[in-house]
Amino acid sequence: MKKLKQYILIIGFAIWNLCMISCKNSTNSNNYPNDRTQSKISIKTSQTVAESIKQKSFSKDSINKTDFNLPKGYTLFEKIQGDLNGDDLDDYVLIIKGTDKKKIVVNRFDKKVDRNRRGVLVYLTNKDKTILSTENLNCFSSENEDGGVYFPPELSIDIKNGKLYVHYGHGRYGYWKYTFRYQSSDFALIGYDSSENYGPIINRETSINFLTKKKLIRENVNQNTEESGDEIFEDNWTDIDIKDLYRLSEIKDFDELEINREN
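The structure displayed is predicted, hence computed values, not measured ones. (Residues numbered from 1 in each chain as written. Predicted model: local features only at pLDDT ≥ 70, side-chain atom pairs only at ≥ 80, totals over all residues. Heavy atoms only, no water.)

Strands sit in the order β1-β2-β5-β6 across an open sheet of four strands; the sheet is antiparallel. Either end of the sheet is taken by a strand with one partner, and the two such strands are β1 (74–82) and β6 (129–140). On average, adjacent strands in this sheet sit at an angle of 20° to one another, irrespective of strand direction. Examined bridge by bridge, strand β2 (residues 91–98) and strand β5 (residues 118–126) share six bridges and lie antiparallel to one another. Bridge pairing in β5 places Val93 opposite Val122. (Pairing = 2+ DSSP bridges. Helix = DSSP H or I, 4+ residues; strand = E, 2+ residues; numbered from the N terminus. Axes fitted to C-alpha atoms, helices over the stretch in contact; angles between N-to-C directions.)

With that out of the way, let us pick up the sheet that holds strand β8 (residues 163–169). Strand order in this open sheet of seven strands is β7-β8-β9-β10-β11-β12-β13, and the pairing throughout is antiparallel. Two strands close off the open sheet at either side, each with one partner strand: β7 (154–160) and β13 (233–239). Averaged over all neighbouring strand pairs, the angle between strand axes comes to 15°, with direction disregarded. Looking at chain direction, β7 and β8 are connected through seven bridges and run antiparallel. Paired with Asp158 across the strands is Tyr165, a residue of β8.

Backbone geometry places Asp110, a non-glycine residue, at a positive phi of 60°. Positionally, Asp110 belongs in the loop between β3 (104–106) and β4 (112–114). Under the relative-accessibility criterion, Asp110 is labelled exposed at 68%. For Ser184, which is not glycine, the phi torsion reads 55° and is therefore positive. (Buried < 20%, exposed > 50% of the residue type's maximum accessible area, 1.4 Å probe, protein only.)

This brings us to the confidence of the model for the protein chain. When pLDDT drops low, the exact placement of atoms in the prediction is not to be read closely. On average, residues of the protein chain carry a pLDDT of 79, and 73% of them reach 70 or more. A low-confidence stretch, residues 1–10 (pLDDT under 50), is modelled with zero contacts involving residues beyond four sequence positions or located in other chains. Across residues 18–66, confidence stays below pLDDT 50; counting only partners more than four residues off in sequence or on other chains, it has five contacts. (pLDDT = per-residue confidence, 0-100. Contact = heavy atoms within 4.5 Å.)

On to the side chain of Lys97. One can find Lys97 in strand β2. For Lys97, the side chain forms a polar contact with the side chain of Glu143, separated by 3.0 Å. (Polar contact = N/O pair within 3.5 Å; in protein donor to acceptor, adjacent residues only side chain to side chain.)

In this fold, Gly162 is placed in the loop between β7 and β8. For the pair Gly162 and Gly86, spaced 76 residues apart in the sequence, the C-alpha separation amounts to 6.3 Å. Each residue touching Gly162, except ones within four places of it in the same chain, is listed here: Asp83 and Leu84.

We now examine the packing of aromatic side chains. Under the criterion given, the structure shown has eight aromatic pairs. An angle of 70° between the planes, with centres 6.2 Å apart, marks the rings of Phe180 and Phe254 as edge-to-face. Taken together, the residues span a long stretch of sequence, with Phe180 in strand β9 (residues 174–183) and Phe254 in the segment after β13 at a distance of 74 residues. Residues Phe180 and Phe254 agree in their burial class; the two are buried. One aromatic cluster in this structure is built from Phe140, Tyr178, Phe180, Tyr192 and Phe254. Over the ring of Phe77 we find Arg118, and its NZ or CZ is 5.2 Å from the ring centre. For Arg218, the ring lying beneath its charged end belongs to Phe233, and the centroid distance is 4.3 Å. (Phe/Tyr/Trp six-rings, centres within 6.5 Å; stacked < 30°, edge-to-face > 60°. Lys NZ or Arg CZ within 6 Å of the ring centre and 35° of its normal.)

Across the eight residues of β2, eight count as buried, placing the element largely inside the fold. Here β2 shows a buried face lined by Asp91, Val93, Ile95 and Lys97 and a second buried face lined by Tyr92, Leu94, Ile96 and Gly98. As judged from the eight bridges shared by β1 and β2, these two strands associate in the antiparallel manner. Within the sheet, the bridge partner assigned to Gly82 lies in β2 and is Asp91.

Tallied over the entire structure, the rule returns 10 salt bridges. With its nearest N and O atoms 2.6 Å apart, the salt bridge here joins Arg108 to Asp146. Of this pair, Arg108 sits in the loop between β3 and β4 while Asp146 sits in the loop between β6 and β7; the two residues are 38 residues apart in sequence, bridging distant segments of the chain. Residue Arg108 is classed as partly exposed on the basis of its relative accessible area of 49%. Among the ionic pairs, Arg118 bridges to Glu143, the shortest N-O distance being 3.8 Å. One end of the pair, Arg118, is in strand β5; the other, Glu143, is in the loop between β6 and β7, and 25 residues separate them in sequence. (Salt bridge = Lys/Arg side-chain N within 4 Å of Asp/Glu carboxyl O.)

Here it is as structure tokens:
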């Protein structure tokens, strides 16, 4: 009888231990994630960090936009930076774009496109300040203009060797480029270059220096040109008659500039 009581006591103690272990495991499962849940939390944390960095980057851009005081009704299209006045400090060229909803139209391909024109703001850096030097709000056409049977010329802006370049690339038909230099609190047009192509073959090149008032036309006189490199150029220098230099702030529409026809 005594042994039976001891046996029952041992069995009861074992059952009590099993119950305690089960309760502990249940508590752990409620308070701590399993491996799969923990993996999801790690991914979520990683995404949150990335989103925070991205948000910080956007905040920086937003501060820049505020500092540059974009005109009402315009948004930032592109920002280019480089030294434009020889002080080894970065200056800023902002290409801005109108936001008029009426200029969002359906083109001939039944595609909705933004035909708002673009403009330019040039900020010069003076120590810790950026000062607006030149403003022209509508001198560039939209990037979504109808190019006819070919794509429209592609506008690109570059700063190199202290000069501002406005470049239009037109694929197989060549390119044309305007060179501006900072002077008298504005940017004066001091040079123009163009290349008229037939695919890779150059038919004619034009270079104008508005400071020396000289114009160079290089004509390909090889009628049997079949590929690039076969051209034979004949140079023709002429003087141009120009009194005042074009200023970036005063150009109403680059599409209507007929620099190539200057005499």
